[in-house]
Amino acid sequence: MAILILVYYQNPDERIIWWTGIGLTGVTAIVVGTRLNRPAHPQYWYLLAAANLSFTAGEVVQVIQTEYLDQFGFPSAADGFYLAEYLLTAVGVYGFIRWRTAQQDRGSMIDALILTVGLALLSWIYLIVPYERDPDLTWFQKAVSIAYPLGDVLMLAMLMRLLVPRGGKSKALWLLALGTLGMLVSDVAYGLIQLHGNWRIGSPVDLGWAVFYCAWGAAALHPSMVELTRPIPTQQPDISGGRLALLAGASMIAPAMLLVDLSRGDTSHAGVIGAFSAVLFLLVLARLGSIVLVHRHAVARERTLRVTGASLTGAVTFEDVSDAVQTAAASLMPHPATHTALLGVRADGGLRIRLGDHETVLRIPPDSELQGSRMIPVEELGDELERYFSGVPHALICPLALENRPMGEPLIGVLIVGGTEHQLTSLWGTLDILAAQSALAVERVMLSREISQRNSEAYFRTLVQSASDVILILNADDGIRYASSSAQRVLGYASLEGVRLSELIPPEESRQLNEALVRMRTREQAEQREHWRLLRSDRSAIEVEVRWNDLREDPTVGGLVLTLRDVTDQRQMERELTHRAFHDSLTGLANRVLFQDRVGHALTRSERRGTVMGVLFVDLDDFKVVNDTQGHAVGDELLVAVSLRVSTALRTSDTAARLGGDEFAVLVEDALSPADVGATADAVLNAFDEPFRLSSGTVRVAASVGVATTEDSVDAAELLTHADLALYSAKAAGKRQWCQYQPALQAGLVERHELNESLDSAIAESAFAIYYQPIVDLADGGLVAFEALVRWPHERRGMVLPEEFISLAEESGQIVPLGAWVLERAVAEAASWQRMTSDHRAGLGRRPLRVSVNVSARQFRDAGFVDIVRQVVRSSGIQPGTLILELTESVLMRRDERVRTDMEALRELGVRIAIDDFGTGYSSLSYLREFPISVLKIDKSFIDGLGLSQQQYALVEGITRIADTLGVQVIAEGIENGVQRDLLAEMGCPLGQGYLFARPLTAEQAVRLVRDDAEPVRLRAGGA
């Protein structure tokens, strides 16, 4: 080809001969080189040969048209061949790009686009625009003229994309680049000459095209041409200084051209330059994004290698190393597979590889094949590995080698990773690092095994000497022949050799020691464990767990081996935990489990001895009040004081226990009669006569006691049940006393249980009745309000009073729906009364009739109580100010913020709140100041003594006057005679209720009373 080029320049007039020869020789060189070198994808080289052939055909057609046919028209058939050459070249070069860098080097592609766009701007301004503005050309001529520089731009983009990656440069690639560059230079020069002059045959411009033919043919003939269709390893994410300068220069082409045009006063190209500048700006942003993305991938791979390095550092077997490597390879792969990597370790003249649950040994390739990592088709690994890597086409083999290895050949093993070409190529460098880490880990495991094998005897000797357990070897006479060094630390003896084992045992346990040694030597004992007490050198005792092994027949030992472990602290902890399991942690008394156990044993002894045994259940009265008012810390302190007081009141043979909360129990043994048990109950109650002095002050508390004896119980369970029933009876009888179990209590319990069961159905069926007791004006006897009282008309028991079922309802939580039902019925009745008498009472200047409804503490504390009241008021239409909710003092005692909030919400609704039975509990007038109280009801117990005690009169009068001062209305309960009414009226008490005026009325009777109240005759004593 070089000779033909020289001949052409000597005889340019015979261009068709020599130029055709040059082109066809180039085509032949590409075809021959492709056949000789056999690249992986030869079709792309054949496309380059076709591109050369098309260019040569264009040359031939042009010469024939111009020199032989005198046809100088433009465009011609030759232009079709020339333009086809651009497309064929672009497709071929794209194939090289696809197999070398696709899907792994986005940054290089962007770099190539930046360079291409910068140079394309020059081509656009100086080549394309002149054609486009030439008035002498038709639109088709313009299109063909513009197609040439566009083809050059396309070729330039492909060339840049092929050259930009920094890895894998081959001579064939450089030759291709040289030929393409020569063609581009000649094309540009030819285009400029056509614009400003005439091209002539044999000009220097032809030299670029000649280089194009020659360089492409040489590239195909060079052996490195096969690398153009092989993937190259992923490039590092950094940008070199030279590349950065080149990209910066390309990016500055647009602003530089704009400055030049502005300096000449030409702004016709400003729009095009601006568009190219925008494209360059977007490409720079994309390049920055690609750098960030590549950096993230690099960080992820580095993290995986770091985690794998930590796993390999902790690996102790080849299997651990293999598992760590497989986990790392699966994490590195873009699409992890089950079988990704294998680790082969050199052993037995081959490579030992674990395949799932079995191992195989493969032939070691020659060292020349393992000088570096290489990629091969997976079928070349053999049938067994090909099945293991099923579904992946290629495998990367990375040798595990260490230079200057002290234990043999440098090659330790291989790492085999399966995947696609692009996956493996992108991870090539990372997998090499993983192989290096694996080589170090495998070498360390090998060294560890070698050291372990060589130093096993020294290792075990050191292990025994360093163990915390004491190891003793006994001779036949029970003398100590060997003692590990830990014996000095555990027993305090500097040396035990020659000492008899019996000298380390307390004298009283020497017999047990001899029996144990006999069992060990005769092997009569199946479990090889004993528990002994040993004496230290300072004669203090420790507890040890002894394990033994008879090695008298072993020539290396020849004795009885004992292993002693100090378990003194462990045994102490076990005893402490046992004590905690059977004793109350607060008071130190026996707990329920231990108490029940002792009751069972005491019952057996009582039957054997013929004595009486008794059980006392002790429950503190109103202990919850102490807890709620003074806090749990004071409550716990009180429980401890009670436990001490009760314990001192008992005999040494009796047992006190805390069953939980404020419940205590006493076991009385060896009593001669049930009266002796009763005497113990008296002693327990007397222990509460004196107040308890606590850190917060003096607290007085009483107790109730239930007593049961073996005279009325046959077993432990029945005894405890009877004591519980007796305690319940003592509570019901008024507290602060003790009660002996009676058979009737059982019947009462059954009756209470039946009543509780029927309570559920009664609430569901609304089987209750509401009675209304009038509240009158003590001055004129006029009807002011009614108090709603719930009754239960039971089908078998008759009328059940509230004191019999309200407590059951509160315990079971049924008081909430029951209270809601009473509130709804009572308010509905009151609303009808108000509508009935509104005109009459307004004419007399009297307020509408009010209704009082009792609300239990459990009901008031329910989260939805305020919403229920609001709904009832809204649905009934009652005036909110005529509804009074009666609360007991127990609701106010805790001074709960939620209680205060709910009471404020009720006051805002307009509902009034009353304190019921004031004076019977922990009464405090401060309630009237702290809470929104509207009404105060004085309990009947204060009213009963009005005419009999001046002190009682003064107390009621004081309450009335203070309440009046605070704006609280007073209602006196339980008025039964005229004297009480008159005295209350004199002291200023405005309202009252009681049997003097009327007993509780049915709804129908209440309606009649409301109607009668409209008559001139007022409600007076006995008027109902």
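Further up the page is the structure itself.
Because the structure is a prediction, the values reported are computed rather than measured.

The next point concerns the sheet that holds strand β18 (residues 738-740). Strands sit in the order β13-β14-β12-β17-β18 across an open sheet of five strands; the sheet is mixed. Only two strands of the sheet have a single neighbouring strand rather than two, namely β13 (655-660) and β18. Neighbour-to-neighbour, the strand axes of this sheet turn through a mean angle of 20°, independent of strand direction. With seven bridges connecting them, strand β12 (residues 612-620) and strand β17 (residues 703-709) associate as antiparallel partners. Bridged to L616 within β17 is V707. Lying over the sheet, helix α22 (residues 632-648) contacts β12, β13 and β14 (663-671), oriented at roughly 10° with respect to β14.

A side chain with one charge may pair with a side chain of the opposite charge, provided their charged atoms come close. As enumerated under the stated definition, the model contains 24 salt bridges in all. For R547, the salt bridge is made with E545, and the minimal N-O distance between the two is 3.8 Å. With a relative accessible area of 14%, E545 lands in the buried category.

Take the packing of helix α21 (residues 623-630) against α22 next. Two elements in contact, α21 and α22, have axes separated by 7 Å at closest approach and are oriented at 140°. Classed by the angle they form, the pair α21 and α22 counts as oblique. Side by side, α21 and α22 meet where F623, V626, N627 and Q630 of the first sit next to H632, V634, G635, L638 and L639 of the second. Here the residues of the contact of α21 with α22 sort into five nonpolar, four polar and no charged.

Here we take up the sheet that holds strand β8 (residues 480-483). Ordered in space as β8-β7-β11-β10-β9, the five strands form an open sheet in which the pairing is antiparallel. On the outer flanks of this sheet lie β8 and β9 (529-535), each paired with one strand and no other. The sheet shows a mean angle of 30° between the axes of neighbouring strands, taken without regard to direction. With seven bridges joining them, β9 and strand β10 (residues 541-551) adopt antiparallel strand pairing. The partner of L534 across the bridge, within β10, is I542. Packed onto the sheet, helix α18 (residues 510-522) meets β7 (470-474), β9, β10 and β11 (559-566) and runs at close to 140° relative to β9. Where helix α19 (residues 568-582) meets the sheet, it contacts β9, β10 and β11, and its direction lies at approximately 120° from that of β10.

Interhelical geometry of helix α20 (residues 592-609) versus helix α24 (residues 716-732) gives an angle of 115° and a closest axis separation of 9 Å. Between α20 and α24 lies a crossing whose hand is right-handed. Facing F595, Q596, V599, G600 and L603 of α20, the residues of α24 in contact are A716, L719 and L720. Per-class residue counts for the contact of α20 with α24 are six nonpolar, two polar and no charged.

The rules behind these values
Residues numbered from 1 in each chain as written. Predicted model: local features only at pLDDT ≥ 70, side-chain atom pairs only at ≥ 80, totals over all residues. Heavy atoms only, no water. Pairing = 2+ DSSP bridges. Helix = DSSP H or I, 4+ residues; strand = E, 2+ residues; numbered from the N terminus. Axes fitted to C-alpha atoms, helices over the stretch in contact; angles between N-to-C directions. Contact = heavy atoms within 4.5 Å. Salt bridge = Lys/Arg side-chain N within 4 Å of Asp/Glu carboxyl O. Buried < 20%, exposed > 50% of the residue type's maximum accessible area, 1.4 Å probe, protein only. Parallel < 35°, antiparallel > 145°, perpendicular 65-115°, else oblique. Nonpolar A, V, L, I, M, F, W, Y, C, P; charged D, E, K, R; others polar. Left-handed = near helix turned anticlockwise from the far one by under 90°.

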